[in-house]
Amino acid sequence: MSSGKKRIYLSSPHMSGHEMKYIEEAFRDNWIAPLGPNVDGFEKELAAYLGAKDVAALSSGSAAIHLALVLLDVQPGDYVIVQSFTFGATAFPVRYLGATPVFVDSEPGTWNMDPVLLEKAIIGISGEYARKHGDEETKRQRDKETKRKSRSPSVPQSLCHLIKAIIPVHLYGMPSNMDEILRIATKYGIPVIEDAAEALGSRYNGKMCGTFGKFGILSFNGNKIITTSGGGALVSDDEELISRARFLSTQARDPAPHYQHSQIGYNYRMSNIVAGIGRGQLEVIEERVTARRKIFEFYKSNLSDIKGVSFIDEPGQEYFSNRWLTTILIDPEITGCNREDVRIALEKENIETRPLWKPMHLQPVFRDCLAFVNGTSEDLFNKGLCLPSGSSLREEELSRVVKVLRRVFGEMA
Ligand SMILES: *Cc1c(COP(=O)(O)O)cnc(C)c1O
């Protein structure tokens, strides 16, 4: 860009310096494969850090979501309820399996899945199913159900079985309202897959994000709070399911001297080199969380006096965000400029920012999908901007961002 100043990135990789030790060990012992001591070590260390029973290290967060859905037996025709306000990778694997995503909008307090809309979606999907398949089957299902003892008065349990999973996301590191989401999920007997790709180190009621659902998924892609260049993990307290995930992620080989398969497999395992980077990164995860939280505080204390600019606070004592990315909301009616004006002004100064995620229910690829919306995520998308938040950013760099922002908003420091 034209300013001649060094570029400030949104979220750069930040190595600890310990990664090479693990990688050199892998080279020394010739463990250059999607298995080996770093993979085993990384899985154990992650499980210990999270307080989870077991973890499978995989090639990406997307692979982890895909395998979670496979393990929940998601089939063509099934429904999966997905938080609309997220990155496409949360929803794409639902389509890999020929299932139908149904999108649920956010609550203003956390920006994550609105529990009230979630329950409406569960009831709504059952109605949609009844319309599609005629009254006969619905009546049959309902009769069958009343013979059993229903846990839910409003929806027959048998219809809930068409909804194979609920995927809330801890977006930008902010924990979802897990108490309410789990209460509703339990009421209707639907398993939860927590997308904690952006939330490693975030906690809800003191418990790590990624450990609440039947499954949790993590990502170690290039700009996440810790990175392995690319990678992911599947988390669960069900060791049987995690061992099935390892089996499926290494091409589902039956125990035989030749290659024999009774199931469809995937090449989704993390490599021993990549896992070495992960081990070096995991050693410093708490420092990274502290650094990102400090960056949030820096921006907030230097910008929150500007009228029409706001930050999302942790909505209560139970929420602890890793503050993966600091985000601001810009109210154009008060500031006189919109988020694109601000983004372009920063870009001219060689500062990278990014609009908030465009909700899935507004994405062309998902335009035919059912969605339960309240306008929250659309409004956030229109007003929100992610600021440079990498843990290696120096105070001079953060001050440069603040200075440009104050100039754009016409407020001199
Ligand atoms: C990064 C991300 C993913 C996908 O992870 P990959 O490792 O890139 O496949 C999924 N969900 C969310 C919310 C993410 O931010």
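The shown structure was predicted, so the numbers you read here are calculated from the model rather than taken from an experiment.

Caption draft 1: Inspection of the site of the ligand at higher detail. Around the ligand sit 15 residues in total, of which Ser 62, Asp 195, Glu 198, Ser 219 and Lys 224 are the nearest. Taking Gly 61, its main chain carries an N or O atom lying 2.8 Å from an oxygen atom of the ligand. Within the side chain of Lys 224, a nitrogen or oxygen atom sits 3.2 Å from an oxygen atom of the ligand. Here the ligand loses 95% of its free accessible area of 380 Å² to cover by the protein chains.

Caption draft 2: A look at the packing of helix H12 (residues 339-348) against helix H14 (residues 395-408). Interhelical geometry of H12 versus H14 gives an angle of 135° and a closest axis separation of 10 Å. Viewed along their axes, H12 and H14 adopt a mutual orientation that is oblique. Relative to H14, H12 is oriented so that their crossing is right-handed. Within the contact between the two elements, H12 uses Val 342, Ala 345 and Leu 346 and H14 uses Val 401, Val 404, Leu 405 and Val 408. For the contact of H12 with H14, the class distribution of residues is seven nonpolar, no polar and no charged.

Caption draft 3: How the structure looks around the pairing of strand S3 (residues 100-104). Of all five residues in S3, four are buried; the element is thus mostly enclosed. One ladder, built from five bridges, connects strand S2 (residues 79-83) with S3; its direction is parallel. Note that in S3 the partner of Tyr 79 across the bridge is Thr 100. Both S3 and strand S14 (residues 371-372) contribute to a ladder of two bridges, which runs parallel. When the sheet's bridge partners are listed, Val 104 is paired in S14 with Phe 372.

Caption draft 4: Region of the structure containing unusual backbone geometry. Non-glycine residue Ser 229 carries a positive phi angle of around 80°. With respect to the helices, strands and loops of the structure, Ser 229 is situated in the loop between strand S8 (215-219) and strand S9 (232-236). Of note in this structure, Ala 252 is not a glycine but carries a positive phi near 50°. Structurally, Ala 252 can be placed in the loop between helix H8 (239-249) and helix H9 (272-282).

Caption draft 5: Representation of a nonpolar patch on the surface in the model. A cluster of nonpolar side chains, namely Phe 92, Tyr 96 and Val 365, defines an oily patch on the protein surface of about 320 Å² accessible area. By the element assignment, Tyr 96 lies in helix H4 (residues 92-96).

Caption draft 6: Spotlight on the environment of Thr 353. Locating Thr 353 in the fold gives a position in the loop between H12 and strand S13 (354-355). For Thr 353, a relative accessible area of 7% translates into the label buried. Measuring from C-alpha to C-alpha, the distance between Thr 353 and Ser 389 comes to 9.5 Å, with 36 residues separating the pair along the chain. Among all residues touching Thr 353, those that are not within four sequence positions of it are Leu 10, Arg 343, Leu 346, Leu 385, Cys 386, Leu 387 and Pro 388.

Caption draft 7: Region of the structure containing the sheet that holds S13. Read from one edge of the open sheet, four strands run S10-S12-S15-S13, paired in antiparallel fashion. This sheet does not close on itself; its edge strands, each paired only once, are strand S10 (309-310) and S13. Note: S10 against strand S12 (residues 327-330), two bridges, orientation antiparallel. Along S12, the bridge assignment pairs Val 309 with Ile 330.

Caption draft 8: Main features of the state of the cysteines. Enumeration over the complete set of coordinates arrives at zero disulfides. Looking at Cys 209, it has no disulfide partner, and the nearest cysteine sulfur is the one in Cys 386, 18 Å off.

Caption draft 9: Representation of the side chain of Glu 19 within the structure. Tracing the backbone shows Glu 19 in helix H1 (residues 19-28). As a buried residue without a salt bridge, Glu 19 has its nearest oppositely charged side chain in Arg 288, at a separation of 5.8 Å. Within the local environment of Glu 19, its side chain forms a polar contact with the backbone nitrogen of Gly 17, the two atoms lying 2.9 Å apart. Apart from residues no more than four positions distant in its own chain, Glu 19 is found in contact with Gly 276, Ile 277, Gly 280 and Gln 281.

Caption draft 10: Examining the domain arrangement of the protein chain more closely. By domain assignment, the protein chain separates into domain 1 (19-282) and domain 2 (285-412). Placing a centre on the C-alpha atoms of domain 1 and another on those of domain 2 gives a separation of 27 Å. Contact residues are listed per partner, giving 48 residues for domain 1 and 39 residues for domain 2. A per-residue breakdown of the area domain 1 buries against domain 2 is headed by Trp 111, Tyr 172 and Ile 225, which together make up 21% of the total. Here domain 1 is connected to domain 2 by one salt bridge. The salt bridge involving Arg 203 is made with Glu 286; its shortest N-O contact spans 3.2 Å. For the pair domain 1 and domain 2, the number of links is 25 residue pairs in polar contact (both at pLDDT 80 or more). Elements that contribute at least two residues to the side of domain 1 that touches domain 2 include exactly H4, S3, helix H5 (115-147), strand S6 (203-204) and H9. No other element matches the six residues that H5 contributes to the side of domain 1 that touches domain 2. Here the residues of the side of domain 1 that touches domain 2 are counted per class, giving 24 nonpolar, 15 polar and nine charged.

Caption draft 11: How the structure looks around the packing of aromatic side chains. Tallied over the entire structure, the rule returns twelve aromatic pairs. Judged by centre distance (4.8 Å) and plane angle (25°), the rings of Phe 87 and Trp 357 are stacked. With Phe 87 in the loop between S2 and H4 and Trp 357 in the loop between S13 and S14, this pair connects stretches of sequence that are 270 residues apart. Residue Phe 87 is classed as partly exposed on the basis of its relative accessible area, which comes to 40%. Measuring from centroid to centroid gives 5.7 Å for Tyr 204 and Phe 212, while their planes differ by 70°, and the two rings are edge-to-face. Each member of the aromatic cluster is reached from another via a ring pair, and the members are Phe 85, Trp 111, Tyr 172 and Trp 324. Over the ring of Phe 212 we find Lys 207; its NZ or CZ atom is 5.3 Å from the centre of that ring. Seen from the ring of Tyr 259, Arg 253 lies directly overhead, with NZ or CZ sitting 3.7 Å from the centre.

How each quantity is defined
Residues numbered from 1 in each chain as written. Predicted model: local features only at pLDDT ≥ 70, side-chain atom pairs only at ≥ 80, totals over all residues. Heavy atoms only, no water. Near = heavy atom within 4 Å. Polar contact = N/O pair within 3.5 Å; in protein donor to acceptor, adjacent residues only side chain to side chain. Areas by Shrake-Rupley, 256 points an atom, 1.4 Å probe, with all protein chains shown as cover. Axes fitted to C-alpha atoms, helices over the stretch in contact; angles between N-to-C directions. Helix = DSSP H or I, 4+ residues; strand = E, 2+ residues; numbered from the N terminus. Parallel < 35°, antiparallel > 145°, perpendicular 65-115°, else oblique. Left-handed = near helix turned anticlockwise from the far one by under 90°. Contact = heavy atoms within 4.5 Å. Nonpolar A, V, L, I, M, F, W, Y, C, P; charged D, E, K, R; others polar. Buried < 20%, exposed > 50% of the residue type's maximum accessible area, 1.4 Å probe, protein only. Pairing = 2+ DSSP bridges. Patch = residues over 30% accessible without salt bridge, like charges linked within 9 Å, V, L, I, M, F, W, Y side chains within 5 Å. Salt bridge = Lys/Arg side-chain N within 4 Å of Asp/Glu carboxyl O. Disulfide = S-S within 2.5 Å. Lys, Arg positive; Asp, Glu negative; His and termini not counted. Domains from an automatic or database assignment. Buried area = accessible area lost by both parts, 1.4 Å probe. Phe/Tyr/Trp six-rings, centres within 6.5 Å; stacked < 30°, edge-to-face > 60°. Lys NZ or Arg CZ within 6 Å of the ring centre and 35° of its normal.

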